[in-house]
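# Breakdown of the fold
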Amino acid sequence: MRSTSGRGLRPNVLGTFDTVVMAVAGSAPAYSLAATTAVLVGAVGLAAPAALLYCALPMLGIVLAYGRLGRIDVNAGAAYSWVGRTLHPCLGFLAGWALVVSTTLFMVAGSLPAGALTLALFDPAPAEETWPATAVGAGWFLVMLLVVLGGARLTVRAQLLMTGVELLLLLLFVLGAMLHRGAAAAFDWSWFGLGHFDGVSGFASGALIAAFYYWGWDVTSNLSEETRDSRRTAGLAALVGVAVVFLLFEAFTVAVNVILTAEEIGAAGGANTLALLGDAVWPGVGGKLLVVAVMLSTVATLETTLIQVTRSLFAMGRDRTMPAALGAVHRRWNTPWVAVAVVGGVALVLFVAANALGSVGDILAGAVSAMGLQVAFYYGLAGVAAVVAYRGLLLSSVREFLLGGVWPLAGAAFMLWIFFESLTELPAASVAIGLGGLAAGLIPMIWYWRRGSSYYRPAKLDAVRALAAAEGPSGDAPRQRQHRPAADEPLATDF
C-alpha cells in the first residue's frame, strides 16, 4: 500500500454518446414502468400520464440546474459539493447523504424485481416468493458490483448492450400498443389534465411517485470527473436522457390506460404490469419479451445506481466528511474500490433483511415512496443552489433569467413542495424510512464537522468568478478542471 497526492478517478474515459446512454440507463425506463406503474395507478388512477407530464416540467428545471452547476464545478459528488458550496455545508452533506440512502434502498428495491423477473422467465411460481427472488437478485447485484469495480469503460460497454436491447424492445411494443384494436377509440385527452386527481394531496402523491420514475439521470454528474469535456457533456446528456425516457413513460402509461383496467393492474402486482401489457399487445411471446426488457433495465439501473453511490461516497471520503478510506482509488482500475466494497456489504445485509419485510410488491410499494422523498429533497436543494451560484448573471439577459433563474427555481420549489406535502399523505412506514434515513446522516455530519473537515470551510461557488477563472486572462474557452485535493484534504490511497 502506498499513498499518492494526486491520484483520482480516470479522466476522459466517457464521450457524449456514452454519457447519454448512462443517463437513459440511470432512469431505467422499463424497470420504472414495471416497478412503479401499479403504485402510480393506485395513487392517481387515470391521471398517471398527467402526473408524469407535470413532474417532467419542473424536473427539466432541475436538469438545467445540474448542467449549469456542472459547468463551474466538476465534482463526482455533484449536489453534495454544489449545495455545500452555495447554501451551507450541512445542507450539502445532507443532499449527498439523501442520494446515498436512496441508492442503498434501491439495491433491494431494484434487485428483487431483477430476481423475480429472471425466475419468471422459467417458472412463474418461485418468482412470487421473496427468498428465491432475493437470492437471484443478489446474484445480479454482485455481477454489477464487479462490473462497476472494473471501471467506467467496462461499465459503459455493458450499458450499451443492455440499454440498446431494452430500448429496441420498448419501441417495438409502443408501436404494437398504437396498433392495438380499439386503442384510438379508448384514448382520452383528459388523462393529461388535472380533473382526475383527488385534490392537491392526490396531485402531490402522484408527482412524488413520478419523480422516482425520472430519478437516475444525474449519474452523468457523478461521472463528470471521468467524462471528456464534462462541463458541456454531463448537462447535455442528462437533458437528452430525460427527454427520451419522458416520451417512453408517456407512451407506455397511455397504453396501460387504453389496454388494461385498474383491477387488472392491481391483481397483476407491481413487477408484472408490463408482462400483462405485453401479453395483451402481443399474445404469447409479448409478455416474455417485455419481461426480458424489464430484467435488462433493472440490471442496467443497478449498475448506474452503484456508480452514483460509490462516486458520492468517494467524494465524501476525499473530503473527510466520511471515513477517508472511501476515497481510496484502485491502482489498476481507477475506481473507488473501498466504497464499492462497503456498498456491496451493506446491500447484502439488506437483502437478508428483505426476507422479513413481506412480498416483492410490498417492499417495492414502501421503498418507492421513501426514495421519492429523498430524491425530491436533494433535487430541490440542487435547484436552489444553481440559482444562488448564478445570481450575478441572472439579469444579464432574458435567456439567462428564464433558463438560469425562473425554471430551476420553479423546479426546486416544486420538488420541495411535494416533499413536504407528501409527509402527511404517505404511509407511516414510508415516511419513517424516508425521514429516518435523512436523520441518520446527522451522525457522521456532526462527527466530521467537529473533527475539522475542510468541507465545512468551503470556497463559495460563484459563477461569475468561476467562469472568469476558467476562461483565463486571454479569454480562451474554459478547460475542464477536475477536483484536486486542497492542502488540508486527505491523500488518496492507492492500492
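Located above this text is the structure these notes cover.
Please read these numbers as outputs of a predicted model, since none were measured by experiment.

### Description of helix 2 (residues 29–44)
In a regular helix each residue adds 1.5 Å, so 16 residues correspond to 22 Å; helix 2 covers only 20 Å between its end C-alpha atoms and thus falls short of that length. Along its length, helix 2 shows its largest kink, about 50 degrees, at threonine 36. For helix 2, the buried fraction is high: 13 of the 16 residues fall into the buried class. Two residues or fewer past helix 2, glycine 45 is found with a positive phi of approximately 65 degrees.

### A closer look at the nonpolar core
Membership of the largest hydrophobic core comes to 147 residues, with the highest contact counts inside it found for Tyr66, Phe93, Trp217, Leu313, Tyr378, Tyr379 and Met415. When residues of this core are assigned to their parent elements, the largest contribution, 16 residues, is made by helix 5 (residues 89–120). If we skip the residues at most four places from it in the chain, tyrosine 378 touches Tyr66, Ala79, Ala95, Ala98, Leu99, Ser102, Trp215, Asp218 and Gln308.

### Description of the packing of aromatic side chains
Any two aromatic rings considered together are summarised by their centre-to-centre distance and by the angle between their planes. Under the counting rule described, the total for this entry stands at 21 aromatic pairs. Look at phenylalanine 106 and tryptophan 215: their rings are 6.0 Å apart centre to centre, the planes differ by 90 degrees, and that puts the pair in the edge-to-face class. Residue phenylalanine 106 is found in helix 5, and its partner tryptophan 215 is found in the loop between helix 10 (199–214) and helix 11 (219–222); the two are separated by 109 residues along the sequence. Relative to phenylalanine 192, the ring of tryptophan 189 has its centre 5.9 Å away and its plane inclined at 45 degrees; by these criteria the two rings are tilted. Note on tryptophan 189: relative accessible area 67%, which makes it exposed. The structure contains a cluster of three or more aromatic residues connected by ring pairs, namely Tyr54, Phe197, Phe203, Phe414 and Trp417. The ring of tyrosine 390 has arginine 68 lying over it, and the distance from NZ or CZ to the ring centre is 4.0 Å.

Rules behind the numbers
Think of each chain on its own: its residues are numbered from 1, step by step along the sequence as written. Only residues with pLDDT of 70 or above have their local features reported here, since the model is predicted, and side-chain atom pairs are shown and tallied only from 80 upward, although totals for entire chains, interfaces and linings are computed over all residues. In computing side-chain values, all of the structure's heavy atoms are included and hydrogens and water are not. Here a strand is any run of E in DSSP of at least two residues, a helix any run of H or I of at least four, and the numbering for each starts at the N terminus. Helices are assigned an expected span. That span is 1.5 Å times one less than the residue count. Fitting one axis to the seven residues ending at a residue and another to the seven starting there, the bend at that residue is the angle between the two axes. Burial here depends on accessible area, computed with a 1.4 Å probe over protein chains only, as a share of the maximum for the residue type. Under 20% is buried, over 50% is exposed, and the range in between is partly exposed. As used here, the term nonpolar core means buried Ala, Val, Leu, Ile, Met, Phe, Trp, Tyr and Cys residues forming a set that is joined through side-chain atoms within 4.5 Å. Should any heavy atoms of two residues lie within 4.5 Å, those residues are counted as being in contact. Any two of the Phe, Tyr and Trp rings considered here, Trp counted by its six-membered ring, make a pair once their centres fall within 6.5 Å; the pair's planes then place it as stacked at under 30 degrees, edge-to-face at over 60, or tilted in between. Two conditions define a charge located above a ring, namely a distance within 6 Å from the ring centre to NZ of Lys or CZ of Arg, and an angle within 35 degrees of the ring normal.

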